[in-house]
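Each chain, letter by letter, is given below.
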Amino acid sequence: MPSYFSISIDFQSAAIGSKMRLSQGREKTPMKRASLLAVLLLAVGLVSNAVSQETAKKAEPVKPAPSLSGAILGQWNEIGRKLIAMAEDFPEDKYDFKGAPSADGFAQRLIHAAAANYYFTNSATGKKMSGEEDPPRAQFASKAALVAYVRKSFADGAAAIKAKGDKGLQETVVDQFAQDIRGRAGHEQIRLGDLATSLVEHSGEVYGQLTVYYRAAGMIPPEARPQKTDLDIKPTLPDGKIRTYYIAAVETDWDYAPSGMNMMTGTGFTGQPKIWTEHTKDRIGKVYRKAVYREYTDETFATEKKRPPEWEHLGLMGPLIRAEVGDTIVIHFMNKATQPYSMHPHGVAYNRDSEGTPYADTSMDGAGLVPPGQTHTFVWNVPERAGPGDDDGSSVVWLYHSHNWEPRDIEAGLIGPMVITRRGMARPDGSPKDVDREFAMLFMLIDENTSHYLQHNIDTYIQDPKSVNKLDFVPSDLEGNLNLGGSGFAAANFKASINGYVFGNLPMPVMKRGEHVRWYVMTMGGQVNYHTPHWHGNVVTVDKHHTDIFSILPAQFVTADMVPDRVGTWMFHCHIDEHMEAGMMAMYQVQP
């Protein structure tokens, strides 16, 4: 074994061989904490001064220095991120691995770090500490249970720091660390800010110890692994391109019918349509909090990229991602939302860290799952099998969506189209050379009952949230007749939409007579998402057959070609009765 392993294990034995409880060296703790806070405040001041000097040179506005609570929160979250990544990454069958015979196991070290966080959190929230310093190892029967405990300990602490703010962190509380020091139990006081910084340092010490465990086990800690950069990424085929996107998950209040009207009839919402659009004391109405994918101009994620008019019809969906067979798609993703989200593609090729799907044996970062406020780079290769087949046209459509908690993520709104063009048939932007216009349509009965944001929408839009019966579904219309579309609170939360719009509110696709028009038609969601898209006035060609209607099932994507020969404004809708009645209809226009 290399000598550095021996040195590390000797250090580990000396550091943690005797359980290394937080109480060690407590006589020196108050001075240490005060020093840490002083150093932190000095660092904040130095950073502020450095930023001021640099920005003055560039004649840019000076960024405000972080507040005390902001600085502490940043350090708390950063060390938490590192320990959570270790908890997720270390193999479960090695969770009880020891860096030295007399040391705690890997899992027990994590438990100790997480349990110690509650010295701060409980003090800040007025709760008492439990009798035991650390929960027993046997309490965590699985890796998932321990990861959840570590994650929760840092989340609870972060929430307490935010709640206290600068002023609250100056409050003093009884120093729990001094409880077993003779003559000082119950008398020693400490400021909450000092206590938080000491816990950040303690977590940092545990992190340092666990890096030794990694090395002793013949593994590389997550932070020490080479990070993927654009320079390392190559096209799938030698003459392919790297197509780069900057996409973020953002939360927004989405209006399913922004005109406030039934655009198919040109009237207000009356009768049955009111179930899905009217805001009442027991119905949310037509505006819901959603999470959506939006494209940005660069890696700062400061400026959203404006959609061109011809793609305004995408509505709720994320940006259209394009590639030609042989290209590689690189997506720099930022999660600006409040839930962990990802980007999972269909059809293309990827490694697990670009899959965006959870696995028990893989860390969040290793699977492409992105916590709030974090970023991740997804790399998707585009081999021949991702493009059109022998009987396809020059391009085919796939979907991408979040796959952390897939049903809730998609119902929340995180879904978008991806078009792959045949090799040699793409314009510089990736669009097919032989097509004049393209339209992407998501027929989806969106179930807001299963969205991450249901409770937020209830609390925001219902006058008395506690009065809501989430299971209120009556299989009848407003007149009491049998109707599978139903009525009641739960029924009102099913939105029969095309790209997130109902009752003709979709921005109208416009084309000219005789153009080669390509429609990309998709659906997702639960078993109710069986749809029959139907074009009035013109026909499409699907699988070499002419038709004006076809069927799609959940997670199915169809490419349909049209050469319109009838000028006019035409209806475009799902032909299933309940879906039409609930508003799954739009219009398209053919100009001379």
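See above for the structure.
Small disclaimer: the values here were computed from a predicted structure and weren't measured.

(A) Expanded view of the pairing of strand 5 (residues 321-324). Every second residue of strand 5 is oriented toward a common face, with Ile321 and Ala323 on one face and Arg322 and Glu324 on the other, all of them buried. Relative to strand 10 (residues 415-421), strand 5 runs parallel, the two sharing four bridges. Counterpart to arginine 322 in the pairing with strand 10 is valine 419.

(B) Broad picture of unusual backbone geometry. With phi around 55°, phenylalanine 301 is a residue other than glycine that occupies positive phi space. Along the chain, the position of phenylalanine 301 falls in the loop between strand 4 (287-296) and strand 5. Since its relative accessible area comes to 5%, phenylalanine 301 is described here as buried. Although it is not a glycine, phenylalanine 503 adopts a positive phi angle of roughly 50°. Within the secondary structure, phenylalanine 503 sits in the loop between strand 14 (494-498) and strand 15 (510-512).

(C) A look at the packing of aromatic side chains. Counted according to the given criterion, the structure contains 26 aromatic pairs. For the pair phenylalanine 90 and phenylalanine 106, a centre-to-centre distance of 3.8 Å together with 10° between the ring planes defines the contact as stacked. On the criterion of sequence distance, the pair formed by phenylalanine 90 in the loop between helix 3 (68-89) and helix 4 (106-125) and phenylalanine 106 in helix 4 is long-range, its members being 16 residues apart. What makes phenylalanine 90 buried here is its relative accessible area of 0%. With a centroid separation of 6.0 Å and an interplanar angle of 65°, the aromatic rings of phenylalanine 333 and phenylalanine 378 are classed as edge-to-face. With phenylalanine 333 in strand 6 (residues 328-335) and phenylalanine 378 in strand 8 (residues 375-381), this residue pair connects regions lying 45 residues apart in the sequence. Each member of the pair, phenylalanine 333 together with phenylalanine 378, is buried.

(D) Seen up close, the sheet that holds strand 17 (residues 533-535). In space, the four strands of this open sheet follow the order 15-22-21-17, with mixed pairing throughout. Both outer strands of the open sheet, strand 15 and strand 17, are each paired with one neighbouring strand and no more. Within the sheet, the average angular offset between the axes of one strand and its neighbour, ignoring direction, is 25°. Looking at chain direction, strand 21 (residues 568-574) and strand 22 (residues 585-591) are connected through six bridges and run antiparallel. Note that in strand 22 the partner of phenylalanine 572 across the bridge is alanine 586.

Definitions and cut-offs
- Residues numbered from 1 in each chain as written.
- Predicted model: local features only at pLDDT ≥ 70, side-chain atom pairs only at ≥ 80, totals over all residues.
- Heavy atoms only, no water.
- Buried < 20%, exposed > 50% of the residue type's maximum accessible area, 1.4 Å probe, protein only.
- Helix = DSSP H or I, 4+ residues; strand = E, 2+ residues; numbered from the N terminus.
- Pairing = 2+ DSSP bridges.
- Phe/Tyr/Trp six-rings, centres within 6.5 Å; stacked < 30°, edge-to-face > 60°.
- Axes fitted to C-alpha atoms, helices over the stretch in contact; angles between N-to-C directions.

Treat this as a map of the structure, not an account of what it does.
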